[in-house]
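Structure at a glance
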Amino acid sequence: MELKEALLKELVKQGPLVEDGKRTWNIARRNFLYWNEALAKSFLKLRNHPRYRATIFDKEIDLIKKNKNFILNEIKKEPFNLIDMGCGDGTKAKVFLGSFEGNNFDIRYFPVSVTDYLSDMAIQKIRRENFPFVKELMSHNACYEDLAEVSSKVRGVKYQKNVTLLLGSILASFEINDYLFHASNAMFKGDYLIIGNGIRKGERLVNIETYKHPAFSEWFILLMKELGFSESEVEYGARFNEMRVEMFYRIKNNKTIEYKGRKIEFKQGDEILVAVVYKFYENELKKFCEMYFSDVKLFEDADEEYALVFCRK
């Protein structure tokens with residue numbers, strides 16, 4: 001399905017939420033943000049922004065490296081699928097796989113993305129490393145909420161165990177109980193879910209200016225253009241809403257868009273929600289994970305801003 005059709009279908013399905021006279025439309029599905037090559041490239045550009053790298057990417061890489069011995073000792077030497085959910089370009093999976101260097105493992109690597117552009121990049125990056133213990137490489141296209149389905153599909157006669165990477169604060173885009181419930185239900189005893197997610201200390205909702213940075217709008221505006229809006233017709237903003245950050249565009253003038261013979265009427269002042277990020281304290285994140293997994297170990301970075309959580313079924 002083309003992105004424009006998927007976006008319009010989502011708008012028609014949900015309709016606007018009316019609250020205090022204001023209409024809010026919702027297309028805040030993580031999948032849309034990586035749907036095609038242009039969006040994927042824009043994401044990689046944001047990832048390389050110094051602030052993003054410092055607060056998410058580099059912290060995750062550092063946590064994986066620092067816990068190399070734990071990873072090696074925790075994951076048993078039996079064949080397993082490494083599911084790289086929301087794989088990016090495969091850099092973090094490469095670092096994770098480096099933990100097994102010099103050891104006799106049997107791993108099948110599965111990068112998962114909504115677009116071939118990213119999963120192909122991940123495959124090529126891991127292939128270039130020529131890890132002797134990575135026996136097979138197979139990509140899979142799926143929505144990020146479909147982890148349960150992916151977990152079932154990748155199992156085979158030889159590779160029955162799954163180790164899943166859910167890094168890059170992907171979990172923060174979803175209602176956490178619902179996501180972990182379905183993920184856990186699809187896992188077998190001994191499977192692992194390894195979560196990389198931001199954590200809070202002090203006040204929960206602070207630093208809103210971070211999410212107002214132009215780098216975010218440069219990424220998200222591609223969704224609005226797909227819908228038929230020009231940059232001059234919308235204004236980007238971000239706000240706090242209870243436990244999450246909401247990123248949105250406010251429509252400056254009335255506009256009508258047609259979809260399969262049906263007209264979607266946007267009014268001046270309407271808002272279109274394009275992304276959400278839930279915020280958790282360290283103890284909250286661990287408590288949620290402990291509700292669905294038998295063994296949970298959480299490692300946080302020195303600044304107590306990011307966590308790597310190992311969840312064993």
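Residue positions within a chain follow its written sequence, with the count starting from 1. Reporting in this predicted model follows two pLDDT cut-offs: at least 70 for local features of residues, and 80 or more for side-chain atom pairs to be given and counted; totals over whole chains, interfaces and linings ignore these cut-offs and use all residues. Side-chain descriptors were evaluated using all non-hydrogen atoms of the structure, hydrogens and water having been removed beforehand.

1. A short note on the layout of surface pockets
As a reminder, the rule being used: Each cavity reported here is a set of points on a 1 Å grid over the protein atoms alone in which a 1.4 Å probe fits but cannot get out, each pocket an open set with protein on both sides within 12 Å along at least five of seven lines, and each lining residue one with an atom within 4 Å of a point. Grid points are joined across faces, edges and corners, and a volume is the space filled by probe spheres set on the points. Only runs of H or I of at least four residues qualify as helices and only runs of E of at least two qualify as strands under DSSP, and these elements are numbered from the N terminus. For this classification, Asp, Glu, Lys and Arg are treated as charged, while Ala, Val, Leu, Ile, Met, Phe, Trp, Tyr, Cys and Pro are nonpolar and the rest, including Gly, are polar.
Taken as a whole, the largest pocket spans an internal volume of roughly 790 Å³. If you go around the largest pocket, you meet 41 residues; those closest to its centre are Thr 55, Ile 56, Thr 210, Tyr 211 and Lys 279. Only helix H2 (37-47), helix H3 (50-66), strand E8 (192-198), helix H9 (214-227) and strand E13 (271-278) provide two or more residues apiece to the lining of the largest pocket. The element contributing the most residues to the lining of the largest pocket is E13, with five residues. Counted by class, the lining of the largest pocket contains 23 nonpolar, ten polar and eight charged residues.

2. Some details on the sheet that holds strand E10 (residues 244-251)
What counts is decided by this rule: Any two strands are treated as partners once DSSP identifies two or more bridges connecting them. Each axis is a line fitted through C-alpha atoms, and for a helix only the stretch in contact is used; angles between axes span 0 to 180 degrees, taken between their N-to-C directions.
The strand order E1-E2-E13-E10-E9 describes an open sheet built from five strands, whose pairing is mixed. Edge strands, defined here as strands with exactly one partner in the open sheet, are strand E1 (17-19) and strand E9 (234-241). Along the sheet, successive strands turn relative to each other by an average axial angle of 35°, direction set aside. Two elements, E1 and strand E2 (residues 22-26), share three bridges in a ladder whose sense is antiparallel. Bridge pairing in E2 links Val 18 to Arg 23.

3. Observations regarding unusual backbone geometry
To keep it simple, the criterion reads: Only protein chains enter the calculation, and the probe is 1.4 Å; a residue is then buried if its accessible area is under 20% of its type maximum, exposed if over 50%, and partly exposed in between.
Its identity as a non-glycine residue notwithstanding, Asp 20 has a phi of 55°, on the positive side. Mapped onto the elements, Asp 20 comes out in the loop between E1 and E2. For Asp 20, a relative accessible area of 82% translates into the label exposed.

4. A short note on the packing of aromatic side chains
Quick note on the threshold: Classification of ring pairs rests on two measures: the distance between centres of Phe, Tyr or Trp rings, Trp counted by its six-membered ring, which must be within 6.5 Å, and the angle between planes, read as stacked under 30 degrees, edge-to-face over 60 and tilted in between. The rule for a charge over a ring is simple: NZ of Lys or CZ of Arg within 6 Å of the ring centre, and within 35 degrees of the ring normal.
This structure, assessed with the given rule, holds 23 aromatic pairs. When the ring of Phe 32 is compared with that of Trp 35, the centres are 5.5 Å apart and the planes differ by 50°; the resulting orientation is tilted. We classify Trp 35 as partly exposed; its relative accessible area is 22%. An aromatic cluster is present here, built from Tyr 34, Phe 43, Tyr 144, Tyr 211, Phe 216, Trp 219, Phe 220, Tyr 236 and Tyr 249 joined pairwise through their rings. Here the guanidinium or amino end of Arg 155 rests over the ring plane of Phe 188, the centre of that ring lying 3.6 Å away. Of note, Lys 255 hangs over the ring of Phe 229, and the distance from its end group to the ring centre comes to 5.7 Å.

5. Observations regarding empty space enclosed by the protein
Per the stated rule, a full pass over the model turns up one cavity of 30 Å³ or more. Of the pockets and cavities examined, the largest cavity occupies roughly 170 Å³. Lining the largest cavity are 17 residues, and of these Phe 43, Gly 86, Cys 87, Gly 88 and Lys 92 lie nearest its centre. Of all the secondary-structure elements, those providing two or more residues to the lining of the largest cavity are H2 and strand E3 (80-85). Per-class residue counts for the lining of the largest cavity are nine nonpolar, four polar and four charged.

6. As for helix H8 (residues 176-185)
Definition in use: Each C-beta atom gives one direction from the helix axis, and the arc is the one those directions make. Whether two residues touch is decided by their heavy atoms; if any such pair falls within 4.5 Å, the residues are in contact.
Taken together, the buried positions of H8 are occupied by Ile 176, Tyr 179, Leu 180, Ala 183 and Ser 184. Buried residues in H8, looked at end-on, bunch into an arc of 120°, giving them a common side. Buried positions along H8 lie against E3, helix H7 (147-154), strand E7 (161-166), E8 and helix H10 (282-290).

7. Looking at H3
Each full turn of the α-helix corresponds to 3.6 residues, which orients residues three or four apart in the same direction. Filter applied, for reference: Throughout, bend refers to the angle between the axes fitted to the seven residues that end at a position and the seven residues that start at it.
Along H3, the sharpest kink reaches roughly 35°, centred on Asp 58. Listing the buried residues of H3 in full gives Tyr 52, Thr 55, Ile 56, Phe 57, Lys 59, Glu 60, Ile 61, Leu 63 and Ile 64.

8. A few points about the packing of H8 against H10
What counts is decided by this rule: What makes a crossing left-handed is the near helix being turned counterclockwise from the far one by less than a right angle; a clockwise turn instead makes it right-handed.
For the pair H8 and H10, the least separation of the axes is 10 Å and the interaxial angle reads 35°. The hand of the H8/H10 crossing is right-handed. Residues Ile 176, Asn 177 and Leu 180 of H8 form the contact with H10, whose participating residues are Leu 285, Phe 288 and Cys 289. Among the residues forming the contact of H8 with H10, the class breakdown is five nonpolar, one polar and no charged.

9. A word on the environment of Gly 198
Tracing the backbone through its elements, the reader meets Gly 198 in strand E8. Considered as a pair, Gly 198 and Arg 262 are 64 residues apart in the sequence and their alpha carbons are 41 Å apart. For Gly 198, the residues in contact, after removing those within four places along its chain, are Ser 169, Phe 280, Glu 305 and Tyr 306.

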